[in-house]
Amino acid sequence: PHRPFAAGERVSVRLAEGLRTTTGRVLPATRFSFGISTLTRVARLPEAVTARTHAERPVAPPLLRKSARRDSLPANFPAITTTVYDQEALGDGYIFVAVAAEAEGVGYYLLVLDNDGTPVRYKELPDDYAYDFKVQQNGMLTYAQFLEHHSYTGGGNVLHMVMDSDMNVIDSVQMGNGYIAEAHDFQMLPNGHYLLFGYYLTEVDMSQYVDGGKPNALVSGGVVQELDADKNVVFQWRSWDAYNFEDYQWGRFATRDIVSEFHLNTINLDVDGNLFLGTPSWSKKLNRRTGEIMYHLGGDENEFSFVGVDSAEAVGHFGGHYIHRIPNGHVLIYDNGDRQGVKSSQVHEYILDEENLIAEHVWTWVPEEKISGWHRGNAQRLPNGNTVIGWGGGRGELNPTCTEVAPDGSVVFEMFFDNPAVESYRAFRFPLPDGQPCADVTEYEVSPGLDYDFVDGEENDTGVLVDIDSLGGSGYNEMNVKKYCFAPLYPVFAERAPRVIPLHLEFAQYDISSIKATLHFDVTKWEIDDPENATAYWRADYGSGLFTPVPTTYNRVTGRVIAEVTSFGEYILTTPDVDVEIFAPLPFAPAQDASVNQTLPVTLRWSTVGFVSSYQLQVSKESHFGTLLVDEKDLTEALYTIPALDPGEAYHWRVKAVNDAGESDWTSIQRFTTTAPYVSLVTPDGGEQWQIGLDYWIRWEDNIEEDVTIALYRDDVFVEDLATTASNGAWEWSVPTDLETGDDYRIRITGMDGDAVTDVSFQSFSIIDTTTAVTPLTALGGFALDQNYPNPVGVSAVTHIGVTLPRRATVTLRLHDMQGRVLRELPAVSRDTGTHVLALSLEGLPSASYFYTVETPAGTLLRPLTITR
């Protein structure tokens, strides 16, 4: 330069076509910009990062700039590097990102960053990191503050926090009906409603459904809710109301203590008023009117055919951490890749023909060098056509936090957390909401009989024309129209809330005492996708109060929605929400004919189907409900607790839903009975033979809430306490190898609240090893194990063993020496119902006594085996 660059200066560079390097290579024409740091020394990215390239990036590298003066920021502020490749091509706004990982020396921050990494706003969270920091459609900032992290899946229970543009917390949102919100997504809708989801756990005997399943497993389900402006639940969908355990295609987590299914990470309202729901494996569309699944997109249940892309590849495109409709009508998806580090994370754009279930591939962006953002992440389409990609987390690799890509695929911006241990959940680019209008025009000395187009140049266009019929006042007046490019704050409606276009208008005056006029809203500038059915609403006080409709028509010739107005104030435009039907709820707790503890309160629970405003509940000891113990109307939660119950009684209950379409039918009559607290031992309860060194399930039934103790006895003599565990019906016991064998063992199980709630094995069971067992265990739960033949085994190197299976199952055959060590093993193979003969090689084994076991879903079967050479 002809003079030194100044601190903080921005420099734009244009490289003309035809320039050559010193080696003679011709450089392409390009543009880029860089900024001059305010620091006296600028740190550089690690070599591994500076070496990253992309085919579409400019050849001349831009300046890599750090976030800000480190001495002006807290010591635990994350170090950030940003790269601007094309200043003129950047989208408007700032980068919104949060620290969403544990990293030594780094605090939990919400960050609003300028393109050079300088924090425009930041907020440190004291106790834990957050997910999903973003700007909502009403201009509010939100984030998901963790209450606890899930042990069985990603994310955790959270409280969704709402902030103003200065990052002051002004509200919080939690789920209803007794559920806790989950971290991955949260939407504040323009009509004041909220979308959020969570998980619930159901005790399931998974040994009935999968080999190796736990009899006391907890299976996770997803629950989706829509809350109204008063935070009452008006829509709820639960995954296990749409599926059942018997027919479900269980995945790789099915043998865990907590089975993780329906790992929800995306929820948003589509243009037709229904819901997109996404997981790392699939996307679905939920019907808000009926609660039904409209279609399955991607994953094992995919119903779509694909155009422009290989179908086998395309089904995997729709399993990621973000799917949503973009302004051009297409859907945009962030695809985490294969989660194994082989396939890069990437972004896809599709056109969906939802009537014919056809997905047409439009665009994919894949980084030139693989980025394994295997969890978290998002993709956002900006108004200028750019795409912002938040890469989520990548197993500690130094991946970009976010990348901005132009429509031609060129990278125009990139940001890194310098510490690879620091991850984000998502990353967005938004203008920083300041509550100011995006257009503000005033007309002076307006008169009746005239119309006024509130436009003041191309950049200050409200999209509104006011046609004045009459007005009162002195004549020395002002009329002001302000257009706000975000949804109204705290909208309230007397009737069911319509869908609201995320813009609003402030119509104000000076020295005008009365007004009769029409407001003409330009359909294009007000983004009205259904002008024929648009309705304008008004309220007197800006930012608060009840919206009421005003007479509204549509002029197809002018392309304007016309509202007849007689008052100044705040105006919005709406379109109808999906139609309302009425359906009876789905009761689920207590289970039909359940026995409940008469000393405890009982909570009746049900799930909604479609929209609901309130419920009516009746409880009676009579099946014909002649005498009502409970007759509650206008319940807003889908649960009700009866604090006290009579002992030894049968109770009946039913519930109906109410909404704008009327009242539903009553549910089928639900019944439960009250009994004294009890535990009842199921297994072992007499005659079982359990082998030392192997694992067995102790099982029981109970109606208590406290933990139980499990103790081992010989006849009536206490041997030892085995465990204190939750009263969940099963506990797995590894029989100690030093336990003395015998046929006089019993198990006692006792509630922690007192010895009165206890049960013991009705008959003794045996602890055996192969030297003392008289009758080896050969059958269990319908599975049978035959004696090998020949036996004893002489010169033969192979023996044959028959196994009978009552249903398709995986079996594993092992040969043991008398100390229990495994000498031979046939790997686990899934086999059909029936009898199978397994060949077991004995080559190289000396003459001795052995035993063989077959591991089955019901337990382990064993038989002795002898070799005589």
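Residues numbered from 1 in each chain as written. Predicted model: local features only at pLDDT ≥ 70, side-chain atom pairs only at ≥ 80, totals over all residues. Heavy atoms only, no water.

### Regarding the sheet that holds strand E56 (residues 730-734)
Keep this limit in mind: Should DSSP find at least two bridges between two strands, the strands are regarded as paired. By definition, any uninterrupted DSSP run of H or I lasting at least four residues is a helix, any uninterrupted run of E lasting at least two residues is a strand, and each is numbered from the N terminus. Helix axes use the C-alpha atoms of the stretch in contact, all axes being lines fitted to C-alpha atoms, and the angles between their N-to-C directions lie in the range 0 to 180 degrees.
Reading across the sheet, the 3 strands line up as E51-E53-E56 and stay open at both edges, with antiparallel pairing between neighbours. In this open sheet, the two edge strands, each paired with only one partner strand, are strand E51 (679-683) and E56. Strand-to-strand twist in this sheet, taken as the mean axis angle between neighbours without regard to direction, amounts to 30°. With 4 bridges connecting them, E51 and strand E53 (residues 695-702) associate as antiparallel partners. Residue pairing for E53: Leu681 is matched across the bridge by Trp700.

### Concerning the nonpolar core
Soluble globular proteins: nonpolar side chains tend toward being buried together. Where we set the bar: We call a set of buried residues a nonpolar core when its members are Ala, Val, Leu, Ile, Met, Phe, Trp, Tyr or Cys and they connect through side-chain atoms within 4.5 Å of each other. Throughout this description, buried means an accessible area under 20% of the type-specific maximum (1.4 Å probe, protein chains only), exposed means over 50%, and partly exposed covers the range between. Any two residues whose heavy atoms approach within 4.5 Å are treated as being in contact.
Core analysis: the largest hydrophobic core is formed by 82 residues, its most contacted members being Phe96, Leu110, Phe133, Met206, Trp240 and Trp250. Element by element, the count of residues in this core is highest for strand E13 (residues 194-204), at 7 residues. In contact with Phe133, not counting residues within four places along its chain, are Phe96, Val97, Ala98, Leu110, Leu111, Val112, Leu141, Thr142, Tyr143, Met163, Met167 and Phe428. Ranked by size, the runner-up nonpolar core spans 30 residues in total, among them Val441, Phe454, Ala534 and Val561.

### Re the pairing of strand E10 (residues 156-163)
Side-chain positions along a regular strand alternate between the two faces of the sheet. Extensive coverage of E10 is indicated by the burial of 7 of its 8 residues. Sheet topology places strand E9 (residues 141-149) next to E10; 8 bridges connect them, and they run antiparallel. Counterpart to Tyr143 in the pairing with E10 is Met161. Between E9 and E10, which pair antiparallel one after the other, the connecting turn spans 6 residues, and Gly155 there sits at a positive phi close to 75°. Relative to strand E11 (residues 169-173), E10 runs antiparallel, the two sharing 4 bridges. In the sheet register, Met163 faces E11, and the bridge partner there is Val169. Linkage of E10 to E11, two consecutive antiparallel strands, is achieved through a turn of 5 residues, within which Met167 is found at a positive phi near 70°.

### So, the pattern of salt bridges
So the rule is basically this: Basic side-chain nitrogens of Lys or Arg form a salt bridge, by our definition, when they fall within 4 Å of a carboxyl oxygen of Asp or Glu.
Evaluated as defined, the whole model comprises 36 salt bridges. Salt-bridge contacts for Arg699 lead to Asp205; the nearest nitrogen and oxygen are separated by 2.7 Å. Highlighted residues: Arg699 in strand E53 and Asp205 in the loop between E13 and strand E14 (217-227), separated in sequence by 494 residues. By relative accessible area, Arg699 is classed as partly exposed at 27%. A salt bridge links Asp270 to Lys285; its shortest N-O distance comes to 3.0 Å. Residue Asp270 is located in the loop between strand E17 (266-269) and strand E18 (275-278), and its partner Lys285 is located in strand E19 (residues 283-286); the two are separated by 15 residues in the primary sequence. Exposure remark for Asp270: the relative accessible area of 1% places this residue in the buried category. Residue class for Lys285 comes out buried when judged on its relative accessible area of 0%. Taken together, the salt bridges that share partners define one network made up of Asp270, Asp272, Lys285, Arg325 and Glu354.

### Thoughts on the state of the cysteines
Rules: Here, the term disulfide refers to a pair of cysteine sulfur atoms separated by no more than 2.5 Å.
Evaluated as defined, the whole model comprises 1 disulfide. Covalently, Cys438 is tied to Cys485 through a disulfide, its sulfur atoms 2.0 Å apart. Taking the sign of the S-S torsion, about 80° here, the bridge from Cys438 to Cys485 comes out right-handed. Separated by 47 residues along the polypeptide, Cys438 in the loop between strand E30 (427-430) and strand E31 (439-444) and Cys485 in the loop between strand E33 (461-484) and strand E34 (492-493) bring together distant segments of the chain. Classification of Cys438 by relative accessible area gives partly exposed; the value is 34%.

### Here's the deal with the packing of aromatic side chains
Formally: The criterion for an aromatic pair is that two Phe, Tyr or Trp rings (for Trp, the six-membered ring) have centres within 6.5 Å, with stacked assigned to planes under 30 degrees apart, edge-to-face to planes over 60 apart and tilted to the rest. Whether a charge lies above a ring is judged from NZ of Lys or CZ of Arg, which has to be within 6 Å of the ring centre and within 35 degrees of the ring normal.
Summed over the entire model, instances satisfying the criterion amount to 49 aromatic pairs. Seen from their ring centres, Tyr131 and Phe146 are 5.0 Å apart, and the 85° between their planes marks the pair as edge-to-face. A residue pair is termed long-range when its members are at least 10 positions apart, and Tyr131 in strand E8 (residues 130-135) and Phe146 in strand E9 qualify at 15 residues. Judged by relative accessible area, Phe146 falls into the buried class, the value being 5%. Their ring planes at 45° and their centres at 6.2 Å tell us that Trp365 and Trp391 sit as a pair that is tilted. Of this pair, Trp365 sits in strand E25 (residues 358-365) while Trp391 is found in the loop between strand E27 (387-390) and strand E28 (402-405), placing the two residues 26 residues apart along the sequence. Judged by its relative accessible area of 0%, Trp391 falls in the buried class. Feature note: the residues Tyr209, Trp240, Tyr243, Phe245, Tyr248, Trp250, Phe262 and Trp282 constitute an aromatic cluster, connected by ring pairs. The side chain of Lys284 reaches across the aromatic face of Trp282, ending 4.0 Å from its centre. Against the face of Phe276 rests Lys285, its NZ or CZ located 5.2 Å from the ring centre.

### What about the side chain of His520?
The following threshold applies: In protein, a polar contact requires one atom able to donate a hydrogen and another able to accept it; more generally it is a pair of N or O atoms within 3.5 Å, and residues adjacent in sequence count only if both atoms are side-chain atoms.
Inspection of the secondary structure assignment puts His520 in strand E36 (residues 504-522). Classification of His520 as buried rests on a relative accessible area of 13%. A polar atom in the side chain of His520 sits 3.0 Å from the side chain of Thr518.

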